[in-house]
Every structure is written in structure tokens, then in C-alpha cells.
Amino acid sequence: MEASVRFDTNFNAGMIDRRIFSGFLEHLGRAIYGGVFDPDNPLSNEDGFRKDVIDAMRDLQMPFVRYPGGNFVSNYDWRDGVGPDRKGFPDFAWKATEPNLFGTDEFVNWSQEVGTKPMLAVNLGTLGASEAAALVEYCNLNTETHWASERRRNGTPEPHNIKMWCLGNEMDGPWQAGHMPAEQYALKARNAARLMRGIDPTIELVAAGSSGRFMPTYMEWDRTVLETCWEDIDYLSAHRYANNTANDTPAYLSEGLVIDQILDDYSGLLSYVKALKKSKHDVYLSFDEWNIWYRERGGKNRDGEWQVGPTQLEEIYNLEDALVCAQFLNSFIRRADLVKVACLAHIVNVIAPILTSPHGLLFQSIYHPFQLYSQKAHGLSLTPSVTSETYEVEDVGDVPFLDVSAAYDPENGDTSLFLVNRSTDHDLDVNVEITDVHLVEAGISKVLTGDAPQVANSWIQPSLISPVDGNVSIQDGTFRVEVPRLGMAVVSGAKTTKR
Ligand code: AHR
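In this text the structure is predicted, and so the values were computed from the model without any measurement.

**Q** Is there a simple way to think about the sheet that holds strand 8 (residues 164–167) in this case?
**A** Across a sheet, strands are paired by hydrogen bonds formed along the backbone, either parallel or antiparallel in direction. If you trace the 8 strands once around the closed barrel, you get 3-4-7-8-9-10-11-12, paired in parallel fashion. Taken over all neighbouring pairs, the strand axes of this sheet differ in orientation by 30° on average, direction set aside. Across 2 bridges, strand 3 (residues 22–24) lies against strand 4 (residues 64–67) in parallel orientation. By the bridge assignment, G23 is partnered in strand 4 with V65.

Rendered as C-alpha cells:
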């Protein structure tokens, strides 16, 4: 099957914000205890951090990691997780015992070792603005005041200087500790924002948007929050977990159209509130939880039976999940004008690209699209004009077989292409033209595919789904890229010069 896509470097969505390749680490299941932090394991360093996890995280090149939750944050007192006196507490969100051995300072240290930056969420469920402001003081001030002095006493003389802050998590959800109506949350978030910015005016703030499109208050919640908080925030959060509960691969692979719809919804709402306020200020989207999550949801996944680091949400990812993961990233890249931050939820063990055992790591299928995109998507997001055959999906409509995004570096003309073939049985031969440049070198193509949508890596067969070399060439001034059925291709290192 053939498809074609045309770009022109003058038609673009602006620079790709590298923060769309961020991640999320929550006190949940084996994400921290037995995941990133495992002091008794010989694979860990002197700080108790798993060295193999650190190496894998470096490879993912995540600019930020959001922490400590998630639902967890809404009943978490950060003060229990700093200093020498650590006491455990029963976590309401996941019914596990939180020993508080890993807290803010450990997370900041771990982030430094990984080469990422912390994006801290504050508890606006069971705590409020003053505790949030105290955490900003603890992290970012060097004053002779209580919490800044505590940080120094706890071993960090210089401020952590945390730039990104989330004002609570999913406060629209009845499952959330301290869940409240939109009006109340909006006022609480605005109050917290003002106190936190009063402590450090340089921080950037994310207000909690809807937990997902499935919520009855979707958009209404977001509108209320935006109308109250507009001038006090920089981003609104969006969350989505895709699923294939219907066990229908072609329908599942149309996920990119749903993501595009969500981005359009938010784009419209943000424009509406900006116009309503006659504001010069802009608020962007922080898509700070996204992934696939449907297999490991109920029962023990919700109830950790008061264990430390129980096995929860350890979803096994397959080929079709990797192709959906790639579509999330294509959508975020195409809407570089809107999506400035996005966090893969999560990073280790809990609905994660990396699984740990006491003896090593397993890279799940979704590790690979994330790693390929994160390493290669630099520069301007070119806006694609796609010609592709389509197939029909109920409730979605006509779905093009080809999903594509592109990054073009205006400094040196380097170009990367990111292509997904949604067809379950036809390879795609894609003709890619960039109308205002000469193609000098085709670069290299890496493809990810497999025998069947359900094929997954396992401890016994860890590399069934991993990138292999693909085919890309220049013919008649255009790229020809082969994208296998049930597959994706990332072309990088392509060189172009302006016409
Ligand atoms: O990522 C798991 C949970 O999903 C998070 O804690 C919550 O924010 C979301 O509902």
C-alpha cells in the first residue's frame, strides 16, 4: 500500500518543547521501593538507587520527572519524607504502607544522577496552600527561615531550585483524597499559586485539569479552573490512559484520532478563556499523565494490603501498545504550539516501560518508541499534509493508515520523521516530500514491528519487540520510507538544505 505526506518548513507548529518527553514517578506499587530505590540490592549504588534503572532512564532522556503522585500526593505530607526522623504511614490512595525512606531530597538526588529535573506536585487534597508554600521554601530558598534551614540541616546547602510545580492531582475525581467541586478547587489552587509564587516568583505552575475525557465534568471542570486561575498559572494538566478492552486492534490503533480530539478540545477551551479574559497571558497544556492502562486496574492493583512496595499496576505491554504510545507522541509533536509538557506515566514497574527484578531489567515494548522519539525529535514540528487510504472505526470515523510527525532543525537542516502504520496486514511505502528543501542524505530508519499485535517482551524473550534497521532512501527528490504493517519507523540523521 502507498501513502504520501508533504511538508513545507514554513508550515510548522513551532519548536518542539523537549519537556514533552518527561516522565512520572509515583509512590505506588514497586515504582520506588524495589524500582528506583532498592538499598539492599547489589545493583544499587551507595544512595540505594538502582544503577541499571539510572542507566536506562538516561537513555530515555527525560527532561523532567513528575513526583510524588498521582493519587498518592493528595494524602501525602512531604514533611514526613525529609530529615532524619522518618515514620511510615498508611497510604489512602493505594492501600500500601509508605515507609517514607524516599522523599523529596532523595528524589532530587536521584533526578540529578539520572540527568532529569524534578516536577513536584503539592498536596491540595488533605493539605493546603501553606504546606505547599513551605515546600517551595524548603526547596528553593536560602533564607534563615525554618524550612530553608531544615533543608540545609538535611544535607543540601544550596537550594534545589525546582522550577515546575503541579497544584494537586486529579481533584475532579471522587477517588481522590480531598476531592472537591471545581469552584472550590479553583479557589484553593489560586490561593496556593499565589503563596507559592510569593515565595519564589520564578516557578511555573500547572493547575489540575480533568482526569480524563470519560469524566462527566470534562471541559466544565477545566473551564471553571481556567476562569478562576488564568493569570496565576502557566499550564493546565490533561490525563489519558488508552485501552483495548474491546480487544479490537484496528479500533485501538485509531487512538491517535482521539488524542487529537482531546488536544483540539483543550486548544478551543484555552482560546475561549483567553478571549473571555481579554488576557495577554497564555496557558498551555501539560499532558502530565499518559499511557496505556487497562489490564491491571481492579483488586490488588487498588489494594496493596498495607505492604511496602506491593506488586500493583504491573501491566505487560505488547506491540500494539507500542504503536499507540508512538501515536501519543506524534500527536504531541504535531501540537507543539499547545503541548509544552507531557509525562509518560509511569517509568518503572507501575504501568511502565522498564520492569525490574532483583537481578536485572526488562525493557517493555513501549520503551522503544519513547526512546527513539525522545532521542530524535529536536527542532520545529512540521505540519503534515497526509494522503493515505483509510479504514472505518465506529465512533471515530475514517482512520488514515498513516500517522506521522516530523522534526526539522532550522539551524542545520537535520530532519527526523516519525511514522506509524495502523494497518494490520499491509506494509506502507511512504513518499515524504519537504517542498522547500533539497534532500541531501536519507539518514537511517529504525523500525519496530512484530508477528502479531499481542507479541510482548518477557524475561525469557526480552527482545521480541525491539528496533531493527528499516529502509529509507531518496528518490526523485523525495524520501521513500518503508513502514511495515503493525509497525512504526523513525528516520533520523536525514540532511536537508534550503532551496
Ligand atoms: O497513574 C496511576 C493513577 O492514575 C494516578 O495516581 C492518578 O493520577 C491517575 O488516576
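The structure having been displayed, the exposition proceeds.
**Q** Help me out: how do you make sense of unusual backbone geometry in this one?
**A** Glycine aside, residues mostly have negative phi angles, and peptide bonds mostly take the trans form. The step from Y67 to P68 runs through a cis peptide bond, and the omega angle for that step is 5°. Note that P68 resides in the loop between strand 4 and strand 5 (89–91). Cis geometry is adopted by the peptide bond preceding G70, which originates at G69 and carries an omega value of 15°. Here G70 shows up in the loop between strand 4 and strand 5. Of note in the backbone geometry, Q61 takes a positive phi value of approximately 50° without being a glycine. Mapped onto the secondary structure, Q61 falls in the loop between helix 1 (51–60) and strand 4.

**Q** In this structure, what is going on with the packing of helix 3 (residues 129–140) against helix 5 (residues 182–199)? I would like to understand it.
**A** Axis angle and axis distance: for two packed helices, these are the angle between their axes and the distance between the axes, and together they describe the pair. Contact pair helix 3 / helix 5: the axes reach a minimum separation of 8 Å and the direction vectors enclose 25°. Between helix 3 and helix 5, the angle is such that the two are roughly parallel. As helix 3 runs across helix 5, the sense of the crossing is right-handed. Residues A129, S130, A132, A133, V136 and E137 of helix 3 form the contact with helix 5, whose participating residues are N191, A192, L195, M196 and I199. Taken together, the residues of the contact of helix 3 with helix 5 sort by class into 8 nonpolar, 2 polar and 1 charged.

**Q** Sorry if this is basic, but what is going on with the pairing of strand 7 (residues 117–122) here?
**A** Working note: regular strand, side chains alternate between the two faces of the sheet. With 5 of 6 residues buried, strand 7 lies mostly within the body of the structure. In this structure, strand 7 lies alongside strand 8, joined through 4 bridges in parallel fashion. Counterpart to M119 in the pairing with strand 8 is M164.

**Q** Help me understand the side chain of E170, please; the structure alone is not making it clear to me.
**A** Structurally, E170 is set in the loop between strand 8 and helix 5. Residue contacts for E170: discarding those within four places in its chain leaves N71, W175, Q176, A208, S211, H239 and E289.

**Q** Sorry, what's going on with the packing of aromatic side chains here?
**A** What the rule picks out here adds up to 25 aromatic pairs. Where Y185 meets W221, the ring centres are 5.4 Å apart and the plane angle is 20°; that geometry is what we call stacked. Of this pair, Y185 sits in helix 5 while W221 sits in helix 6 (residues 220–229), placing them 36 residues apart in sequence. Neither residue differs from the other here; Y185 and W221 are each classed as buried. For the pair F363 and Y367, a centre-to-centre distance of 4.2 Å together with 25° between the ring planes defines the contact as stacked. Classification of F363 by relative accessible area gives partly exposed; the value is 29%. Take Y367: its relative accessible area is 3%, and that puts it in the buried class. These aromatic residues form a ring-pair network of at least three members: Y33, F37, F49, Y67, F102, F107 and W110. The ring of F24 carries the charged tip of R66 above its face, separated from the ring centre by 4.7 Å.

**Q** Which parts of the structure should I look at to understand the environment of R18?
**A** Residue position: R18 is located in the loop between strand 2 (12–15) and strand 3. Owing to a relative accessible area of 21%, R18 belongs among the partly exposed residues under this scheme. Between the C-alpha atom of R18 and that of S374, which follows or precedes it by 356 residues, the distance is 8.0 Å. Discounting chain neighbours no more than four positions away, the residues touching R18 are Q61, P63, S374, A377 and H378.

**Q** So what exactly am I meant to see when it comes to the packing of helix 5 against helix 6 here?
**A** Put simply, helix 5 and helix 6 touch, their axes get as near as 9 Å, and they point 35° apart. Considering the relative orientation of helix 5 and helix 6, their crossing is right-handed. Counting all contacts with helix 5, which are made through A182, E183, Y185, A186, L187, A189 and R190, the residues of helix 6 involved are W221, T224, V225, T228 and C229. Its residues assigned to classes, the contact of helix 5 with helix 6 comprises 8 nonpolar, 2 polar and 2 charged.

**Q** What exactly am I supposed to notice about the site of the ligand here?
**A** Residues in contact with the ligand, as listed here, are F24, E26, G70, N71, W94, N169, E170, Y241, E289, W293, H346 and I351. Measuring from an oxygen atom of the ligand, one finds a side-chain N or O atom of H346 at 2.7 Å. Burial of the ligand by the protein chains amounts to 96% of its free accessible area of 280 Å². Partitioning the shell around the ligand into residue classes produces 5 nonpolar, 4 polar and 3 charged.

What counts, and where the lines are drawn
- Residues numbered from 1 in each chain as written.
- Predicted model: local features only at pLDDT ≥ 70, side-chain atom pairs only at ≥ 80, totals over all residues.
- Heavy atoms only, no water.
- Pairing = 2+ DSSP bridges.
- Helix = DSSP H or I, 4+ residues; strand = E, 2+ residues; numbered from the N terminus.
- Axes fitted to C-alpha atoms, helices over the stretch in contact; angles between N-to-C directions.
- Parallel < 35°, antiparallel > 145°, perpendicular 65-115°, else oblique.
- Left-handed = near helix turned anticlockwise from the far one by under 90°.
- Contact = heavy atoms within 4.5 Å.
- Nonpolar A, V, L, I, M, F, W, Y, C, P; charged D, E, K, R; others polar.
- Buried < 20%, exposed > 50% of the residue type's maximum accessible area, 1.4 Å probe, protein only.
- Phe/Tyr/Trp six-rings, centres within 6.5 Å; stacked < 30°, edge-to-face > 60°.
- Lys NZ or Arg CZ within 6 Å of the ring centre and 35° of its normal.
- Near = heavy atom within 4 Å.
- Polar contact = N/O pair within 3.5 Å; in protein donor to acceptor, adjacent residues only side chain to side chain.
- Areas by Shrake-Rupley, 256 points an atom, 1.4 Å probe, with all protein chains shown as cover.

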